[in-house]
Amino acid sequence: MNLLSVGGSDPSSGAGIQSDVKSFTKFGAYGLTVVTAITGQNTSSFGMVEPVSKKILKNQLESVLSDFKIDGIKIGMVYNSEIIKIIYQQLKKIKVPIVVDPVIKSTTGGILLEKKAVKDFQKYIIPLATIITPNKFEAEILSKSKINPKNTIEKIAGRIQKMGAKNVVITGIEAKNKKITDLVLEKNTHYLVSGDKISSINHGSGCNYSAAILFSLSNKKTVRESVRFAKEFAHNSIKNAKRLGKGIMITDIEDKDRVFLELSESINEFIEIKNIYKNIPECQTNFVYSKEKPKTIKDILGISGRIVKTGNNVTVAGNLTYGGSKHVATALLTVNKKFPDIRSAINLKYQKSTILKIKKLKLLVSSYDRTLEPNHIKNKGSTVAWGIKKAIKELKLAPDVIFHKGDFGKEPMIIIFGKTPENILKKLSKITG
Ligand code: PXL
């Protein structure tokens, strides 16, 4: 996947196009850049801004657009009207997702959009946006109105949408109880998305957020999924921020976080599947995802607690940690040894109706009989590995599902396997849908 960032250069690499290239690389995408302006700044202060000439801006855009198949575009700092108009001319006919991050001021106080360019920004840049991601301050400036009890945040989002953005996400509309909430306005609906908040001033989280939305959208995810993914990604980048200069911290992303992000995003989707509580067994559910070539269950990410039933809902109790799951991770590890592509698994309540549905769907199902387990294995406590090995022994292709019907005092169980957590959700949607 090729993603293009159109924005300003930040020599500290905390924000701007340099930050976007880092994010795109973390996602496994290839990052292209078109520089609109050069800033001089570091983690303490903002120096100069020099916009590039019309000629070189146009030439950069033509160079990348004529050569690469571009899957998505992010527009960040655009600075002035001249630049805005050229970007519009070059991008107005392009049919890929465009995320507009309407940056106006940097954390350190630099002007990223001239005041006199706001009008042209509204006229030319906002209509390009598949999603626009202002924070509260930026939303007020773009809508030319202040948030107050009468002039609600929803109305302000509506005003920005009327200017031509397909979807509007206003970030950080509320921060309380250690949660930070964004407002999402799609075509006909609006809703809130909350995530964990970390209170620290940093350089880069806004760029990380919009870069992640772009990646997710370009991967054909929905707006809701993309916002969730971006919140998780930005949260992790703040959690892992480093004091690299003498001033504020610069956000950073750990490599392992791709496994982490994919799984946590899928868990968030899983717990919202309608009536999913009916599929949670007595011993609860774990959802796991492995690094490539896992050696032990310590290479497999899982929930240190479980996904638990809370009435007619399900809740995640615990944190995602490597080695967090024992049973489901052991089952996965056993399957992965024979079928290395299989890196994710989830356990569900055993129900005859579920098995019937799975069989109808022509998924590859296998099973084992726990009552046949030899005593010496039982005593070692390695039932799962024994059973799974038995179930896959004759298989030439990787299983989608393995189940057992229990034993005296042992609950029967279904485990679904897949290449990725998303792959598992796809299978699940067929099984539970
Ligand atoms: O985070 C917004 C941003 C975007 N682009 C550039 C920046 C900044 C903030 O400093 O410098 C070039």
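All of these numbers come straight from a predicted model, not from anything done at the bench. (Residues numbered from 1 in each chain as written. Predicted model: local features only at pLDDT ≥ 70, side-chain atom pairs only at ≥ 80, totals over all residues. Heavy atoms only, no water.)

Novice: Give me the lowdown on the overall build of the chain, citing residues and values where you can.
Specialist: For the chain, the count of helices and strands is 14 helices and 20 strands. In terms of overall dimensions, the chain is globule-like: its C-alpha atoms have a radius of gyration of 24 Å, near the 22 Å expected for 433 residues. Summarising its shape, the C-alpha atoms of the chain cover approximately 80 × 45 × 45 Å along the three principal directions. Taking as baseline every contact in the chain between residues at least 6 positions apart, the subset at least 24 positions apart corresponds to 66%. When the 71 basic and 38 acidic side-chain charges of the chain are each reduced to a single mean position, those positions are 4 Å apart. (Helix = DSSP H or I, 4+ residues; strand = E, 2+ residues; numbered from the N terminus. Rg over C-alpha atoms; globule rule 2.2 N^0.38 Å. Contact = heavy atoms within 4.5 Å. Lys, Arg positive; Asp, Glu negative; His and termini not counted. Charge placed at Lys NZ, Arg CZ, Asp CG, Glu CD.)

Novice: Quick one: what's the story with the domain arrangement of the chain, residue by residue and with numbers?
Specialist: Domain parsing of the chain yields domain 1 (2-254) and domain 2 (270-432). Each of domain 1 and domain 2 has a C-alpha centre, and the two are 39 Å apart. (Domains from an automatic or database assignment.)

Novice: Before we move on, could you go through the sheet that holds strand β7 (residues 167-176) and cite the residues and values that matter?
Specialist: Pairing within the open sheet is mixed, and its nine strands lie in the order β3-β2-β1-β4-β5-β6-β7-β8-β9. The sheet is open, and its two edges are formed by β3 (46-51) and β9 (190-196), each paired on a single side. The sheet contact formed by strand β4 (residues 72-75) and strand β5 (residues 98-100) spans three bridges and is parallel. The residue bridging Ile-73 from the neighbouring strand is Ile-98, located in β5. Packed on one face of the sheet, helix α1 (residues 16-26) meets β1 (2-9), β2 (30-41) and β4 and runs near 155 degrees to β1. The sheet contacts of helix α3 (residues 81-91) involve β1, β2, β3, β4 and β5, and relative to β4 the element is tilted by about 170 degrees. (Pairing = 2+ DSSP bridges. Axes fitted to C-alpha atoms, helices over the stretch in contact; angles between N-to-C directions.)

Novice: Could you give an account of the site of the ligand, with specific residues and numbers?
Specialist: The environment of the ligand is formed by Gly-8, Ala-15, Gly-16, Gln-41, Met-77, Val-103, Ser-106, Leu-112, His-203 and Cys-207. Between the ligand and Gln-41 there is a distance of 2.5 Å, counted from an oxygen atom to a side-chain nitrogen or oxygen. Summarising the interface, the protein chains cover 92% of the accessible area of the ligand, which totals 310 Å² for the free molecule. The cavity that encloses the ligand is the largest pocket. Of the residues assigned to the shell around the ligand, the class counts are five nonpolar, five polar and no charged. (Near = heavy atom within 4 Å. Polar contact = N/O pair within 3.5 Å; in protein donor to acceptor, adjacent residues only side chain to side chain. Areas by Shrake-Rupley, 256 points an atom, 1.4 Å probe, with all protein chains shown as cover. 1 Å grid on protein atoms, 1.4 Å probe; cavity = no way out; pocket = protein on both sides within 12 Å on 5 of 7 lines; lining within 4 Å. Sits in = over half its atoms within 2 Å of the grid points. Nonpolar A, V, L, I, M, F, W, Y, C, P; charged D, E, K, R; others polar.)

Novice: Run through the packing of helix α2 (residues 54-67) against α3, naming residues and quoting values.
Specialist: Put simply, α2 and α3 touch, their axes get as near as 10 Å, and they point 25 degrees apart. Classified by the angle their axes make, α2 and α3 are roughly parallel. α2 and α3 meet at a crossing whose hand is right-handed. Each of Lys-54, Leu-57, Lys-58, Leu-61, Glu-62 and Leu-65 in α2 lies in contact with α3, whose residues at this interface are Glu-82, Ile-83, Ile-86, Ile-87, Gln-90 and Leu-91. (Parallel < 35°, antiparallel > 145°, perpendicular 65-115°, else oblique. Left-handed = near helix turned anticlockwise from the far one by under 90°.)

Novice: Run through the layout of surface pockets, naming residues and quoting values.
Specialist: Looking at the largest pocket, its volume works out to about 1,200 Å³. Asn-135, Asn-202, Ser-205, Gly-206 and Cys-207 are, among the 49 residues lining the largest pocket, the residues nearest its centre. Among the elements that line the lining of the largest pocket, the one with the most residues is β1, at five residues. Of the residues belonging to the lining of the largest pocket, the class tally is 15 nonpolar, 23 polar and 11 charged. A volume near 750 Å³ is recorded for the second largest pocket. What lines the second largest pocket is a set of 25 residues, among which Lys-179, Asp-196, Glu-232, Ser-264 and Asn-268 lie closest to the centre. Secondary structure elements with two or more residues in the lining of the second largest pocket: β9, α8 (223-239) and α9 (257-270). Ranked by residues supplied to the lining of the second largest pocket, first place goes to α8 with seven residues. Split by residue class, the lining of the second largest pocket holds nine nonpolar, eight polar and eight charged. (Points joined across faces, edges and corners; volume = space filled by probe spheres on them.)

Novice: I'd like a description of the nonpolar core, backed by residues and values.
Specialist: Among soluble globular proteins, nonpolar side chains are generally buried collectively. If you look at the biggest cluster of nonpolar residues, it comprises 45 residues, and the most contacted ones within it are Ile-73, Ile-75, Ile-87, Phe-121 and Ile-132. At five residues, the largest contribution of residues to this core is made by α3. Within the second largest apolar cluster, 29 residues are counted, among which are Phe-260, Leu-301, Ile-358 and Ile-416. (Core = buried A, V, L, I, M, F, W, Y, C linked by side-chain atoms within 4.5 Å. Buried < 20%, exposed > 50% of the residue type's maximum accessible area, 1.4 Å probe, protein only.)

Novice: Requested: an account of the pattern of salt bridges, with residues and values cited.
Specialist: Scanning the model with the defined rule gives 13 salt bridges in all. Among the ionic pairs, Arg-228 bridges to Glu-272, the shortest N-O distance being 2.8 Å. A residue pair is termed long-range when its members are at least 10 positions apart, and Arg-228 in helix α8 and Glu-272 in the loop between α9 and β12 (287-290) qualify at 44 residues. The exposed category is assigned to Glu-272, whose relative accessible area is 51%. Close ionic contact of Lys-378 with Asp-407 constitutes a salt bridge, the shortest N to O distance being 3.6 Å. (Salt bridge = Lys/Arg side-chain N within 4 Å of Asp/Glu carboxyl O.)

Novice: Give me the lowdown on unusual backbone geometry, citing residues and values where you can.
Specialist: Across the chain, the bulk of peptide bonds are trans and the bulk of non-glycine residues have phi less than zero. Although it is not a glycine, Lys-220 sits at a positive phi angle of roughly 70 degrees. Tracing the sequence through the fold places Lys-220 in the loop between α7 (205-218) and α8. Although it is not a glycine, Lys-293 sits at a positive phi angle of roughly 50 degrees. Structurally, the position occupied by Lys-293 is in the loop between β12 and β13 (300-303).

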